[in-house]
There are 2 protein chains.
Amino acid sequence: MKKATVHFQPIDRKVEADTGANLVDVAMDAGIHINAACGGEGACGKCRVRITSGSVDYRDGATLSQEDIEKGFRLACRCFLTGDVEVTVPREAGLYDAGVAYAREYSGRYVSSQELERLVGGAWYSPAIKKFAVKIDPPTLDDNTSDLNRLLRALKQQHNLESISIDFLLLKSLSRKLRESNWKVTTTIVQTRMESQLGEHQLRGSRRPKMITIAAGDTTRQHYAVVLDIGTTSLWGQLVDINNRRVLAESSEYNPQITFGDDVITRIIYSQKKDGLEKLQKVIVEGLNKIIDALVEESGVQRDCISQVTAAGNTVMTHLLLGLDPKYIRETPYTPVSNLTPPIRAVRIGLNVADYVYLYTFPSVASYVGGDIVSGVLSSGMCQKNDLSLYIDIGTNGEIVVGNCDWMMTASCSAGPAFEGGGLKCGMRATSGAIERFHINPDTLEPMIVTINKTTSRGICGSGAISILAEFLETGVIDQNGKFNCTCKTKRIRKGSEGMEYVLVYKEETGSPEDIVITEADIDNIIRAKAAMFAGYQCLLEKAGLSFQNIERVIIAGAFGDFIDLEKAMTIGLLPELPKERFVFIGNGSLTGAKLICLSNELLDDGERIARKMTNIELSEDYSFMDKYMAGMFLPHTDGHLFPKVIETITDKKQAC
Amino acid sequence: MKKATVHFQPIDRKVEADTGANLVDVAMDAGIHINAACGGEGACGKCRVRITSGSVDYRDGATLSQEDIEKGFRLACRCFLTGDVEVTVPREAGLYDAGVAYAREYSGRYVSSQELERLVGGAWYSPAIKKFAVKIDPPTLDDNTSDLNRLLRALKQQHNLESISIDFLLLKSLSRKLRESNWKVTTTIVQTRMESQLGEHQLRGSRRPKMITIAAGDTTRQHYAVVLDIGTTSLWGQLVDINNRRVLAESSEYNPQITFGDDVITRIIYSQKKDGLEKLQKVIVEGLNKIIDALVEESGVQRDCISQVTAAGNTVMTHLLLGLDPKYIRETPYTPVSNLTPPIRAVRIGLNVADYVYLYTFPSVASYVGGDIVSGVLSSGMCQKNDLSLYIDIGTNGEIVVGNCDWMMTASCSAGPAFEGGGLKCGMRATSGAIERFHINPDTLEPMIVTINKTTSRGICGSGAISILAEFLETGVIDQNGKFNCTCKTKRIRKGSEGMEYVLVYKEETGSPEDIVITEADIDNIIRAKAAMFAGYQCLLEKAGLSFQNIERVIIAGAFGDFIDLEKAMTIGLLPELPKERFVFIGNGSLTGAKLICLSNELLDDGERIARKMTNIELSEDYSFMDKYMAGMFLPHTDGHLFPKVIETITDKKQAC
């Protein structure tokens, strides 16, 4: 990526950024506050800056006059870098220099899925499902063996494939297809390697190649997978081209089961009502079908060229998806029906794909440590490293793993949906228009907002919530208990219908029907969520006889969009205070894992090995968990020694006020 | 079985017979003719004999007066031996002494299925489907692995079963079942041994143990299989207790597809009409369901304790049963869709058994050499012997195999349904009331009839047809072209609605609405059928460079009831003239094979090996077949040298007339 230098005036700060970057983003990274209230698209017109040298790619902001344009004024949220540029930020745009001390670099390392594929060591590209084009000899009187035998013979001769089993349904149309295609067809074959005896692992059905469909002609180039992450709050999906590993489309939805309960426990309770299980299964399948529809539409791929569906979800989500009764997951001693379920035809549960397509679900570890974390751990590569890693999946059901290639311990804690934007008054998933970065001018308490895709703000996602809370704390908008400081001089803090709130975006600024606010109740939800997560890390490390200082790598997963701001997450006490270089962000690791197993048989097997290797610790049975959770209900934590730098920063700022 | 001596008077012939034997049967075996016109149950009263010493078990014959009874008269067809007895046959009962020269012993050796199981050499009792009762540890907080894992662990500990795969459906009710049964359940497991790479063989899906159902408590004693023989004309079924190998019930039906055509070719033609294939599949499944209903009713076994269904049928019947398009079987070069189809759930094609039950169909060899013959060859044990055997399955589609443990060649010829009682005016299957043995008094031309189960005659089955034709030929009732000799002095030969006919049973003798007759057209059908069979043996032996004299064993299979009369079958030229001791009857070998594979994994594998080993010869492409067929349209054959003894006998009798 080409770099460009941006010279901010009048404060004379030069920063380097990628060409194509958005100017508000660049300012945010540089610690320079610009009033950017609407999130983008030039709706509010507050982020007016002047290009005093060089030029930018300016994408039509409606609120500037022709005269302003001629004078060099632009709306920062509509400016994208093309080369070096000097930008003068007028006082009315809210220029505030946070100073070098506070300038944030892009925190943590975001690992792309390409990098992940390298991370997972010696794993080859070896999809479990492959397509093979074959040319078959037509029968003669001297060679009139069955049509099936002819096909199998050709597969052996042309692709060295042997001992193929075949789905019975295929026989129904085999003779016709061979003749209609003039004896040239493409077969789709599930081919996974044989394993030695590995207990429950072996449940995954035969490891012999199995032919699942036959198509006329050569269709080897049309070979796709749908990969799904089934969260308690959110559903995510990608359409992957198996041949070249590319993600062609991505889509997400809230989990429609939310109507029946926010967390897994309330869903289990609902599942025990009459037809409850069937209803929960029906709505989740409907949600996933919406995602598949969107993926098909966005990518332009034909639905019947989808060869495989893989899904990662926690144990309860997996049970509900497959229609397995989760009743005993809730009752002590918390036993799931099964941790490993055999692949089933996706149409059996109602997924809208071709009838031969199999659905693979990730194996779980225990009732509250599911396939989503196995998938994430797989995608993080921690199971292939000697380094001691702490893996954190921040979601409604927070899941934590500590270990390395030799051992792994895991635990889960119910964090609630706040980090997925759920349970917040103006919460939303990390999709287009979600506020994901936030800065506040400590003088004016005016906000600077960056949304996903730089479109008009629509709500707050998890990373936005963390950012907002940290900024509020640092500027004294809230105290360490999370209560608004009513002495602050800003009309943005007001009494709303649900108690005290701060207005992030006025409806007039975006044309939306309601103001976007964050309430004290929202803040309380976020604090509870982070306290549960932190108590989880502490308990698990204690069980393993380790402390935070022993951790060489902290891997952070979660459907936050591309990142969360590391320092801000430390500021609120969601992440332990450790040197920044020890952190790695992998985004939605669960979704990435679901993708990886489409591409590699070795990783498919690794997933099952990881599930077997993990030792589960039941936090619900750990009395110290509740103590630790209560201690975490403070910003950053009641034990200030755990967050020395955060405490120092807050104290510095308070003194500065 | 205890033996008894029967002393026939006034001809002073003593014969030994089993106690419990029927007196008409004993007379028939001894070459003594008694007018026994109705087939049994004392309906016609013609077989009146006098017990002049000893006693019999007499089963109520309505037509005798109290005075007659007191004088010692009995109806022979109602007499069953209990010990030594002297029987005086009055002249009016039609006594005719065929003389020692013509006395027929029970011809050929009938091999019971128990003997067959011994015949098949070192094969062990090792059912592919077994039931295992297990006691499972209930979960605790220290041991809260999934319910499935608990079950698998118990199966390993208590039965040393590992690497079990599981049907997904089972997971749905697993948790509930384990708890409701107080952690004691019985699992049904398909367990077949792993094979090395054997080509199409491998189609039979995984050889790993697979759990197909779970029941509360210990149900290991209720473990049954339904075994089916699916013939073009007849369907046969047995219910087998897998635990103790006993056949608990047997049933049969005509194949309801007959409505759509008598032979496989007309059925294939019908299958190409709109919905034709679906209709053919529907009616055969209905027919098989009738059989299953009858088996369940007769045995008193609960339907859901049927663990397995196995079926043997020719290639076309197997295609139609499974709904596979047989179109290309009929068109040169005659290719089936597949010779080996994977086991499928029986409910998928509509069989009325529990949903977890798999249907195994026998593998075929070629379009016209099907799973029925593979099954029969398996049950005959010829594939395990060094002796050169000729295997003959006499049915609508006559199938012939020559070979031994090292090699096998096979061919098929369309014989028509005559030997199954089909296509005859008064034909019927070999069930209760079917005329299966026949003798004619050469002086009076009056018949002596033995029916299956000694009940009133209802019609003619295959073995009866052979018997009738041979007797007619030997007594000059018909000539060697199969035409009635109109100079015969009997009112039984008459002109009927369909040409000349012989009345076997007058309706007055049985109270049935119509006389039972055999017509010249029937005789022609039987001659065509035997000619096709004989031409088949000749062609196949010629291809193998062998003659009849090289054959060390002739194995005869077919659904004829318990036997056909060997000498009579030679008399009409259906079987080659060879020493009697070379012949073995195995009855319905196809049905027996279907039973054997329920009881032995080794035999299940053998079936597939046999199918692969057989080399198929297409007689339809052999021009010499038609010549040989035409030569066979004579009784016994135009080439008298093939049947020297038969010719001698006929000539002797002619001279005697």
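Presented here is a report on the structure given in the accompanying data block. Predicted model, so just to flag it, every value in this text is computed and none were measured. One numbering rule holds for all chains: residues counted from 1, following each sequence as written. Lettering for chains starts from A, numbering for ligands starts from 1, and both go in the order in which the items are written. This being a predicted model, a pLDDT of at least 70 is required before a residue's local features are given, and a value of 80 or more before pairs of side-chain atoms are given or counted; all residues contribute to the totals for chains, interfaces and linings. Derived side-chain values reflect all non-hydrogen atoms in the structure, with water molecules and hydrogen atoms excluded from consideration.

**Examining the overall build of chain A**
Logical step 1: Within chain A one finds 18 helices and 30 strands.
Logical step 2: Values of the radius of gyration come from C-alpha atoms, whereas the globule rule sets the reference at 2.2 Å times the count of residues to the power 0.38. Scaling as 2.2 N^0.38, a compact globule of 657 residues should have a C-alpha radius of gyration of about 26 Å, and chain A matches this with 27 Å.
Logical step 3: Overall size of chain A, expressed as C-alpha extent along the three principal axes, is 95 × 65 × 50 Å.
Logical step 4: Taken across its 657 residues, chain A has 64% of its residues classed as buried.
Logical step 5: Here, two residues are considered to be in contact whenever any of their heavy atoms come within 4.5 Å of each other. Partitioning the contacts of chain A with sequence separation of at least 6, the portion at a separation of at least 24 is 70%.
Logical step 6: Every accessible area reported is derived by Shrake-Rupley at a probe size of 1.4 Å, with residue values counting cover from the shown protein chains alone. Carbon and sulfur atoms provide 48% of the accessible area of chain A, an area that totals close to 24,000 Å².
Logical step 7: The average position of the 73 basic charges and that of the 83 acidic charges among the side chains of chain A differ by 4 Å. Helix numbering and strand numbering both begin at the N terminus, where a helix is a DSSP run of H or I of at least 4 residues and a strand a DSSP run of E of at least 2. Classification of residues uses two cut-offs on accessible area relative to the type maximum, computed with a 1.4 Å probe and protein chains only: under 20% is buried, over 50% is exposed, and between them is partly exposed. For this count, His and the chain ends are skipped, Lys and Arg are scored as positive, and Asp and Glu as negative. Throughout, a charge is located at the NZ atom of Lys, the CZ atom of Arg, the CG atom of Asp or the CD atom of Glu.

**Here we look at unusual backbone geometry**
Logical step 1: The omega torsion of the bond from L635 of chain A to P636 of chain A falls at -5 degrees, within 30 degrees of zero and hence cis.
Logical step 2: Inspection of the secondary structure assignment puts P636 of chain A in the loop between α17 (623-631) and α18 (644-656).
Logical step 3: The omega torsion across T332 of chain B and P333 of chain B is 5 degrees, close enough to zero to call that bond cis.
Logical step 4: The topology assignment puts P333 of chain B in the loop between α10 (327-330) and β17 (344-345).
Logical step 5: Backbone geometry at N160 of chain A places phi at a positive 55 degrees, although glycine is not the residue there.
Logical step 6: Of note, the phi angle at W183 of chain B is positive, near 65 degrees, even though the residue is not glycine.
Logical step 7: Take W183 of chain B: it is sitting in the loop between α6 (168-180) and β11 (184-190).

**Looking at the side chain of T490 of chain A**
All names here are of chain A.
Logical step 1: Tracing the backbone shows T490 in the loop between α11 (462-474) and β25 (493-496).
Logical step 2: By relative accessible area, T490 is classed as buried at 12%.
Logical step 3: Apart from residues lying up to four places away in sequence, T490 is in contact with T444 and L445.

**Considering the interface of chain A and chain B**
By convention, interface size is frequently given as the accessible area that disappears when the constituent parts associate.
Logical step 1: With 50 residues of chain A at the interface, the matching set in chain B holds 50 residues.
Logical step 2: When two parts are brought into contact, each loses some accessible area as probed by a 1.4 Å sphere; the total of that loss over both is the buried area. Note on chain A versus chain B: buried area summed over both sides is about 4,200 Å², and carbon and sulfur give 60% of it.
Logical step 3: The largest contributions to the chain A side of the interface with chain B come from L141, F168 and V337 of chain A, which together make up 14% of the buried area.
Logical step 4: Whenever a carboxyl oxygen of Asp or Glu lies within 4 Å of a side-chain nitrogen of Lys or Arg, that contact is scored as a salt bridge. For the interface between chain A and chain B, the tally reads zero salt bridges.
Logical step 5: Distance and chemistry together define a polar contact, namely a pair of N or O atoms within 3.5 Å, with one atom able to donate a hydrogen and the other to accept it when in protein, and with adjacent residues in sequence counting only for side-chain atoms on both sides. Summed over the shared surface of chain A and chain B, the result is 12 residue pairs in polar contact (both at pLDDT 80 or more).

**Describing empty space enclosed by the protein**
Logical step 1: Space inside and on the surface of the protein is sampled on a 1 Å grid over the protein atoms alone, with a cavity defined as a set of points where a 1.4 Å probe fits but cannot get out and a pocket as an open set with protein on both sides within 12 Å along at least 5 of 7 lines; lining residues have an atom within 4 Å of a point. Grid points are joined across faces, edges and corners, and a volume is the space filled by probe spheres set on the points. As enumerated under the stated definition, the model contains 12 cavities of 30 Å³ or more in all.
Logical step 2: Each pocket or cavity is described by its volume, and for the largest cavity that value is around 210 Å³.
Logical step 3: Breaking the lining of the largest cavity down by element, the ones donating at least two residues are β14 (234-241), β20 (397-403) and α16 (589-599) of chain B.
Logical step 4: Residues are grouped as follows: nonpolar covers Ala, Val, Leu, Ile, Met, Phe, Trp, Tyr, Cys and Pro; charged covers Asp, Glu, Lys and Arg; every other residue, Gly included, is treated as polar. Looking at the lining of the largest cavity residue by residue, the classes come out as four nonpolar, 12 polar and five charged.
Logical step 5: Formed jointly, the lining of the largest cavity draws a minimum of three residues from each of two domains, domain 3 (233-361) and domain 4 (372-416 + 530-650) of chain B.
Logical step 6: Taken as a whole, the second largest cavity spans an internal volume of roughly 180 Å³.
Logical step 7: Elements that contribute at least two residues to the lining of the second largest cavity include exactly β14 (234-241) and β20 (397-403) of chain A.
Logical step 8: For each domain, the first and last residues come from an automatic or database assignment. There are two domains that each give the lining of the second largest cavity at least three residues, and those are domain 3 (233-361) and domain 4 (372-416 + 530-650) of chain A.

**Comments concerning the packing of helix α8 (residues 276-299) of chain B against helix α9 (residues 315-322) of chain B**
All names here are of chain B.
Logical step 1: Axes here refer to lines fitted to C-alpha atoms; in helices the fit is confined to the stretch in contact. Angles between the N-to-C directions go from 0 to 180 degrees. Interaxial distance between α8 and α9 falls to 7 Å at its minimum, and their mutual angle equals 95 degrees. By the criterion of interaxial angle, the relationship of α8 to α9 is roughly perpendicular. Contacts from L277, L280, Q281, I284, V285 and L288 in α8 reach M317, L320, L321 and L322 in α9. Comment on the angle field: the value is read as roughly parallel under 35 degrees, roughly antiparallel over 145, roughly perpendicular from 65 to 115, and oblique elsewhere.

**Brief notes about the packing of helix α14 (residues 520-543) of chain B against helix α18 (residues 623-631) of chain B**
Residues and elements named next belong to chain B.
Logical step 1: For the pair α14 and α18, interaxial distance at closest approach is 8 Å and the crossing angle is 135 degrees. Looking at the two axes, α14 sits oblique to α18. Crossing geometry of α14 relative to α18 is assigned as right-handed. The residues of α18 that touch α14, namely those facing R528, A531, A532, A535, G536, Q538, C539 and E542, are S624, F625, K628 and Y629.
Logical step 2: Here the contact of α14 with α18 is built from residues that sort into six nonpolar, three polar and three charged. Should the near helix be turned anticlockwise from the far one by less than a right angle, the crossing is termed left-handed; should it be turned clockwise, right-handed.

**What about the relation of the copies chain A and chain B?**
Logical step 1: The copies were overlaid with a least-squares fit restricted to C-alpha atoms from residues scoring a pLDDT of at least 70 in each copy. For the match of chain A to chain B, the screw axis carries a shift of 0.0 Å, the RMSD comes to 0.1 Å, and the turn is 180 degrees. Given the turn and translation reported, the copies of this chain are related as if by a two-fold rotation axis.
Logical step 2: A symmetric contact is evident, with 100% of the interface residues of chain A recurring at the interface of chain B.

**Considering the pattern of salt bridges**
Logical step 1: Using the criterion set out here, one finds 44 salt bridges over all chains in the structure.
Logical step 2: The shortest N-O distance in the salt bridge between E286 of chain A and K282 of chain A comes to 3.2 Å. Note that E286 of chain A and K282 of chain A are positioned in helix α7 (residues 276-299) at a spacing of four residues, about one turn of the helix.
Logical step 3: The salt bridge involving D18 of chain B is made with K3 of chain B; its shortest N-O contact spans 2.7 Å. Placement of the pair is D18 of chain B in strand β2 (residues 13-18) and K3 of chain B in strand β1 (residues 3-9), with a sequence separation of 15 residues.
Logical step 4: The partly exposed category is assigned to D18 of chain B, whose relative accessible area is 30%.

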